[in-house]
Amino acid sequence: MQTETIYPAAPDNAAGQAAAYTPLPPQAAAQVFSPAVQHSAVPSPVQPVIIPEPPAAAPLTDPGTDKPIPVLEVLSVRGVEYGMMTIVLWIGALTLGWVILNMLNGSRGFNYVVVPTSALVICVPIFGWFFLRLKKAELADPGLRFDPSKRRWSQITQIIAYTAVLVNLIYFVYVLLQHASSSHGSSIPKALANLAVVLVIAGGVLAYYWRDEHRLIK
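The rules behind each value
- Residues numbered from 1 in each chain as written.
- Predicted model: local features only at pLDDT ≥ 70, side-chain atom pairs only at ≥ 80, totals over all residues.
- Heavy atoms only, no water.
- Axes fitted to C-alpha atoms, helices over the stretch in contact; angles between N-to-C directions.
- Helix = DSSP H or I, 4+ residues; strand = E, 2+ residues; numbered from the N terminus.
- Parallel < 35°, antiparallel > 145°, perpendicular 65-115°, else oblique.
- Left-handed = near helix turned anticlockwise from the far one by under 90°.
- Nonpolar A, V, L, I, M, F, W, Y, C, P; charged D, E, K, R; others polar.
- pLDDT = per-residue confidence, 0-100.
- Contact = heavy atoms within 4.5 Å.
- Salt bridge = Lys/Arg side-chain N within 4 Å of Asp/Glu carboxyl O.
- Buried < 20%, exposed > 50% of the residue type's maximum accessible area, 1.4 Å probe, protein only.
- Phe/Tyr/Trp six-rings, centres within 6.5 Å; stacked < 30°, edge-to-face > 60°.
- 1 Å grid on protein atoms, 1.4 Å probe; cavity = no way out; pocket = protein on both sides within 12 Å on 5 of 7 lines; lining within 4 Å.
- Points joined across faces, edges and corners; volume = space filled by probe spheres on them.

## A closer look at the packing of helix α5 (residues 148–180) against helix α6 (residues 188–217)
Line of reasoning, step 1. Two numbers describe how α5 lies on α6: the axes approach to 8 Å, and their chain directions differ by 155°. One way to sum up the angle between α5 and α6 is to call them roughly antiparallel. In this structure, α5 crosses over α6, and the sense of that crossing is left-handed.
Line of reasoning, step 2. Broken down by class, the residue content of the contact of α5 with α6 amounts to 20 nonpolar, seven polar and four charged.

The following block contains the structure:
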């Protein structure tokens, strides 16, 4: 790029004419009148943006352990055994109440009790075996009592037993109100006997698991 030498305007007095028309050195003129673009820095080339890869996800659980995985909601090995024991407990309690209530209400024939009796013959030994096995395991490892799977089955059992007791209490009060209004209905002694059976079976299950659950809290 060629730099043009620019001379300043001549002053009015004759004395300064010689100095006024003295040309500036080329280097000085280039420094004074050079375009601003010469002083700007040369832009650096665009650097590529590197996005770091996300870290590898940690395994949900260590291999070889028996801890439940909260994300998948799986049961522990002992939790499966608690579930098996709870299922036979439900069937056994239901069929036991079935047999007793049939006898109290006059259905004592073989055809009325053969099905629940068959279930009791199978469920009672299985329940006893699981109960003793898990109690022995809890004595050897007290932390097993806090297993999430065990507590889940315990809480479900409490809700079912509580519902059975609540419904039968409502029915008993309904029978009392029927007799108070002089309308025909089930006899009070029979309704009371049926309620007692439900309270012993379902109420006993509820009381046991309720006490066990609150003992863990303490």
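## Remarks on the confidence of the model for the protein chain
Line of reasoning, step 1. Mean pLDDT over the protein chain works out to 77, with 65% of the residues at or above the 70 mark.
Line of reasoning, step 2. For residues 32–41, every residue scores under 50 in pLDDT, and the model assigns this stretch six contacts once sequence neighbours within four places are set aside.

## Some words on the pattern of salt bridges
Pairing is possible between side chains of opposite charge, provided their charged atoms come close.
Line of reasoning, step 1. Using the criterion set out here, one finds six salt bridges in the structure.
Line of reasoning, step 2. A salt bridge links R215 to D212, with the nearest nitrogen and oxygen atoms 2.8 Å apart. Of this pair, R215 and D212 both sit in helix α6, three residues apart, which is roughly one turn of the helix.
Line of reasoning, step 3. Classification of R215 as partly exposed rests on a relative accessible area of 39%.
Line of reasoning, step 4. Within the structure, one salt-bridge network assembled from shared partners comprises R78, E81 and R133.

## Let's talk about the packing of aromatic side chains
Line of reasoning, step 1. As enumerated under the stated definition, the model contains six aromatic pairs in all.
Line of reasoning, step 2. Aromatic pair F131 and Y208: ring centres 6.3 Å apart, planes at 55°, arrangement tilted. Of the two residues, F131 is situated in helix α4 (residues 110–140) and Y208 in helix α6; the sequence distance between them amounts to 77 residues.
Line of reasoning, step 3. Under the relative-accessibility criterion, F131 is labelled partly exposed at 27%.
Line of reasoning, step 4. One aromatic cluster is present, built from ring pairs that chain together F127, F131, Y208 and Y209.

## Comments concerning the layout of surface pockets
Line of reasoning, step 1. Space inside the largest pocket adds up to approximately 380 Å³.
Line of reasoning, step 2. Together, 18 residues line the largest pocket, and A93, L94, A164, I201 and A202 are the ones closest to its centre.
Line of reasoning, step 3. Of all the secondary-structure elements, those providing two or more residues to the lining of the largest pocket are α3 (77–104), α5 and α6.
Line of reasoning, step 4. At eight residues, the largest contribution of residues to the lining of the largest pocket is made by α3.

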